[in-house]
Amino acid sequence: MSSGTTRKHTALPKAQILIEALPWLTRHHGKTVVIKFGGNAMVDEELKAAFAQDVVFLRHAGLRPVVVHGGGPQISRALDKHGIVSEFKAGLRVTTEAAMDVVRMVLAGQVQRELVGLLNQHGPFAVGLTGEDAQTITATKHTPEIDGEPVDIGRVGEITRIDTGAIEALLADGRIPVVSSIARSEDDGHVYNVNADTAAAALAAALGAETLMVLTDVEGLYEDWPHSDEVISRLTASELEKLLPELSSGMVPKMRGCLHAVRGGVTTARVIDGRVQHSILLEIFTDEGIGTMVVPDEQGDS
């Protein structure tokens, strides 16, 4: 077989893959997509590099990606180093004043910087900011209730307002905003730690994004966990709302975020497996898609 024939055989499947992406490229062109970066994809070097490639690919394919990140494992490590005990109540990190300084340092000074660096290996795209910058995210103190009693968990914020001005300006300039989930207070001058899933959902709704994608360490939302590992591939907002009380605590902010996003005008919200290399591209540009997709209720649905 001549090398020309061999080349044809290896080139054809590649061309077919590109062609399969065409309707999706057309559909998503010019659309904003908010991606919550977290879980294993944040710690594993190969997954981190693949994530950066995916996001830059989206940018070159004519989409407008916005990345939002937290940094649970990195924060816990840094608090350990500073001799501060990590404590969780109602599924949220108790954030004292001393802990907040560490949280801010880790998110804005370490996790965000690394992500900006990875993206910028491919060109001058990424610009890092926190919710404090240009009043992007404003919050008030969040006081959860445990057994009907309010509990003080320190500098944990509940988002009250989003100002998308700085992000819109960066997107218009062809940049990729990388946002750390820290907020400035509305009423007491403090800085607050905000759940990154919640921040990503609030930003997606405020930006009128086409898609919110939340990277997780599971394949998606399981139908009947732990009895089955069948993933629900698509469900409506109302169906999700009914399921919320049964979900594991780690999944609640993610799925609540998806619900908030689609109820706030985002076309689809997806929870995808960040442990799969290039899961973002598979989700956006192939017919199969992976993970769980939440869509708004159709007219006539409850």
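So, here is what we can say about the structure in this document. Since this is a predicted model, take the numbers as computed values, not measurements.

## Considerations on the environment of aspartate 152
- Its place among the elements puts aspartate 152 in the loop between strand 8 (149–150) and strand 9 (157–162).
- Aspartate 152 sits in the exposed class, given a relative accessible area of 52%.
- For the pair aspartate 152 and serine 238, spaced 86 residues apart in the sequence, the C-alpha separation amounts to 32 Å.
- Ignoring any residue separated from it by four or fewer positions in sequence, one finds aspartate 152 in contact with Lys89 and Lys141.

## Looking at the sheet that holds strand 1 (residues 32–37)
- Read from one edge of the open sheet, eight strands run 5-10-2-1-13-17-18-16, paired in mixed fashion. A single partner strand is all that each edge strand has here, and the edge strands are strand 5 (126–130) and strand 16 (234–236). Pairs of neighbouring strands in the sheet enclose a mean axial angle of 20°, with direction left out of account.
- Where strand 1 meets strand 13 (residues 211–216), four bridges bridge the pair, whose relative direction is parallel. Bridging across to strand 13, valine 34 finds its partner in leucine 212.
- Sitting on the sheet, helix 6 (residues 196–207) is in contact with strand 1, strand 2 (64–69), strand 10 (176–180) and strand 13, with an inclination near 175° to strand 1.

## Details of the pairing of strand 6 (residues 137–141)
- As judged from the five bridges shared by strand 6 and strand 9, these two strands associate in the antiparallel manner. Note on strand 9: the bridge partner recorded for threonine 138 is arginine 161.
- Two strands pair when backbone bridges link them, and strand 6 and strand 11 (residues 182–185) are joined in this way by two bridges, in the parallel orientation. Paired with threonine 138 across the bridge in strand 11 is arginine 184.

## Description of the pattern of salt bridges
- Scanning all chains against the criterion turns up 17 salt bridges.
- Across the pair lysine 48 and glutamate 45 runs a salt bridge, and its minimum N-O distance is 3.3 Å. With lysine 48 and glutamate 45 both in helix 2 (residues 45–60) and three residues apart, this pair spans about one turn of that helix.
- Its relative accessible area of 6% is what places lysine 48 among the buried residues.
- Close ionic contact of glutamate 132 with arginine 184 constitutes a salt bridge, the shortest N to O distance being 3.5 Å. Taken together, the residues span a long stretch of sequence, with glutamate 132 in the loop between strand 5 and strand 6 and arginine 184 in strand 11 at a distance of 52 residues.
- Given the relative accessible area of 33%, arginine 184 is considered partly exposed.

## Describing unusual backbone geometry
- One non-glycine residue, alanine 134, lies in positive phi territory at about 50°.
- Within the secondary structure layout, alanine 134 lies in the loop between strand 5 and strand 6.
- Of note, the phi angle at histidine 278 is positive, near 60°, even though the residue is not glycine.
- Looking at the secondary structure, you find histidine 278 in the loop between strand 17 (268–273) and helix 9 (279–285).

## A word on the sheet that holds strand 9
- With mixed pairing, the four strands of this open sheet are ordered in space as 9-6-11-12. Edge strands, defined here as strands with exactly one partner in the open sheet, are strand 9 and strand 12 (191–193). Along the sheet, successive strands turn relative to each other by an average axial angle of 50°, direction set aside.
- As defined by bridge partners, strand 11 adjoins strand 12 across three bridges and the pair is classed as antiparallel. Following the sheet pairing, isoleucine 182 is matched in strand 12 by asparagine 193.
- Its contacts with the sheet put helix 4 (residues 97–119) on strand 11 and strand 12, and the angle it makes with strand 12 is roughly 75°.

## Section: the layout of surface pockets
- Estimated volume of the largest pocket: approximately 1300 Å³.
- If you go around the largest pocket, you meet 45 residues; those closest to its centre are Gly91, Leu92, Asn195, Asp197 and Pro253.
- Mapped by element, the contributors of at least two residues to the lining of the largest pocket are strand 1, helix 3 (72–81), strand 4 (92–93), strand 9, helix 6, strand 13 and helix 8 (251–263).
- For the lining of the largest pocket, the leading source of residues is helix 8, giving eight residues.
- When grouped by side-chain class, the residues that make up the lining of the largest pocket number 20 nonpolar, 18 polar and seven charged.

Conventions adopted
Residues numbered from 1 in each chain as written. Predicted model: local features only at pLDDT ≥ 70, side-chain atom pairs only at ≥ 80, totals over all residues. Heavy atoms only, no water. Helix = DSSP H or I, 4+ residues; strand = E, 2+ residues; numbered from the N terminus. Buried < 20%, exposed > 50% of the residue type's maximum accessible area, 1.4 Å probe, protein only. Contact = heavy atoms within 4.5 Å. Pairing = 2+ DSSP bridges. Axes fitted to C-alpha atoms, helices over the stretch in contact; angles between N-to-C directions. Salt bridge = Lys/Arg side-chain N within 4 Å of Asp/Glu carboxyl O. 1 Å grid on protein atoms, 1.4 Å probe; cavity = no way out; pocket = protein on both sides within 12 Å on 5 of 7 lines; lining within 4 Å. Points joined across faces, edges and corners; volume = space filled by probe spheres on them. Nonpolar A, V, L, I, M, F, W, Y, C, P; charged D, E, K, R; others polar.

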